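Reading the structure
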Amino acid sequence: MTIIVTGGAGFIGSNFIFHMLEKYPDYRIVCLDKLTYAGNLSTLASVMDNPQFRFVKGDICDREAVYNLFEEEEPDIVVNYAAESHVDRSIENPGVFLETNIMGTATMMDACRKYGIERYHQVSTDEVYGDLPFDRPDLLFDEETPIHTSSPYSSSKASADLLVLAYHRTYGLPVTVSRCSNNYGPYHFPEKLIPLMIANALNDKPLPVYGEGINVRDWLYVEDHCKAVDLVIHHGRVGEVYNIGGHNEMRNIDIVKMICDALDKPYSLITYVTDRKGHDMRYAIDPSKIHTELGWLPETKFEDGIKKTISWYLDNREWWETIISGEYRNYYKAMYVNR
Ligand code: NAD
Ligand code: TYD
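Residues numbered from 1 in each chain as written. Chains lettered and ligands numbered in written order. Predicted model: local features only at pLDDT ≥ 70, side-chain atom pairs only at ≥ 80, totals over all residues. Heavy atoms only, no water.

Attention now moves to the layout of surface pockets. One number sums up the size of the largest pocket: a volume of about 180 Å³. Taken together, Asp-88, Ile-91, Glu-92, Thr-274, Asp-275, Arg-276, Lys-277, Ala-334, Met-335 and Arg-339 make up the lining of the largest pocket. Listed by contribution, the elements that provide at least two residues to the lining of the largest pocket are helix 3 (87–92) and helix 12 (328–336). Among the elements that take part in the lining of the largest pocket, helix 3 stands out by supplying 3 residues, more than any other. Lining the second largest pocket are Asn-15, Phe-18, His-19, Pro-186, Tyr-187, Tyr-221, Val-222 and Glu-223. Taken together, the elements giving at least two residues each to the lining of the second largest pocket come down to helix 1 (11–23) and helix 7 (222–235). (1 Å grid on protein atoms, 1.4 Å probe; cavity = no way out; pocket = protein on both sides within 12 Å on 5 of 7 lines; lining within 4 Å. Points joined across faces, edges and corners; volume = space filled by probe spheres on them. Helix = DSSP H or I, 4+ residues; strand = E, 2+ residues; numbered from the N terminus.)

Over its 14 residues, helix 7 runs 20 Å from end to end, which matches the ideal 20 Å to within 8%, given 1.5 Å per residue. Taken together, the buried positions of helix 7 are Val-222, Asp-224, His-225, Cys-226, Ala-228, Val-229, Asp-230, Val-232 and Ile-233. (Expected span 1.5 Å × (residues − 1). Buried < 20%, exposed > 50% of the residue type's maximum accessible area, 1.4 Å probe, protein only.)

Another point: the sheet that holds strand 2 (residues 28–33). Strand order in the open sheet formed by 7 strands is 3-2-1-4-5-6-11, with parallel pairing between adjacent strands. Pairing within the sheet leaves two strands with one partner each, and these edge strands are strand 3 (53–57) and strand 11 (241–244). Across the sheet, the mean angle separating the axes of adjacent strands is 20 degrees when strand polarity is ignored. As paired elements, strand 1 (residues 2–6) and strand 2 share 5 bridges and run parallel to each other. Bridging across to strand 2, Ile-3 finds its partner in Ile-29. (Pairing = 2+ DSSP bridges. Axes fitted to C-alpha atoms, helices over the stretch in contact; angles between N-to-C directions.)

No statement about biological role is implied by the geometric values presented.
This is the structure in structure tokens:
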């Protein structure tokens, strides 16, 4: 079995590669990654010498490179994690999101059609459903919830989802789609809420909370997401969408306070800053379908997952300090100074 994992030098893709190499020692895993600002080869250092693993630097939009890779590797399964993934960056510069998230997805699926595949899996997001109101805790996203996006990021991911389902209907491509809630865990790029707050708190820097900090996200430990995708690619029904989420809704401000408490840092570091444009209020997933059909349930409780995550950032300072000392400084300045 050969699996091409795109975007495997990023946060979730790398965790998925670790999971797969450990669980299926006889599988060949080929990572295709462009190494954008979010991709980090040092993340994959522990598997680089594994004979079952191959890293290929390349762009999922580069048709010739993608086709060559399919000819060389003859993959059975493709799991597409590669994407521009940060909402704030999409608000500043939507173009690259459309290119990678939509055109890149189309290119990968064209290769699957041309060379044949057992399964193409699209890693999507709950953000395609838009947001839910604060005063209706009974409402959750299920797979029938209408697509209703807010940001250029979520719109590009929704476009890709529609294209994936259209390739199934039109060409019979054996696809599955998973839509997951917010992940956290090791190797999370420090532009996202949890790793940014951990890194800033450790450096005694202000903790920039957007708006009033009352927006709600449904947090899932990354390993649980990887296990869910593993189940979907092996046992999920072709043409189906599976929502993945942990029934773990939390307000941003409560997470930031938890991080302060865990690191023994004062709440006075918390700084309320101008809200994100079009900021989604609340996300919450109904994971009944994947639970009923595939037996998936989240295994890591938030209290344990956040402790593990904070310990990881304490033990792996070099990984994130290298990131925040580079080009990230310009991003941070543009995004947060005078906000
Ligand atoms: P990430 O930004 O950490 O990693 C993205 C990876 O894709 C990087 O390694 C980057 O180099 C690579 N990449 C970007 N453009 C590429 C291109 N054109 N060709 C090849 N590689 C390219 O993202 P992540 O948080 O790991 O998210 C992975 C996937 O999961 C994305 O599709 C995202 O939409 C989805 N998702 C993320 C979350 C979350 O909470 N992070 C939740 C649900 C779904
Ligand atoms: P983020 O990690 O960017 O994920 P997403 O927007 O895809 O859900 O943000 C999570 C929440 O945290 C979101 O409501 C925005 C908020 N946030 C802050 O308050 N401050 C920050 O510096 C960042 C990056 C996010």
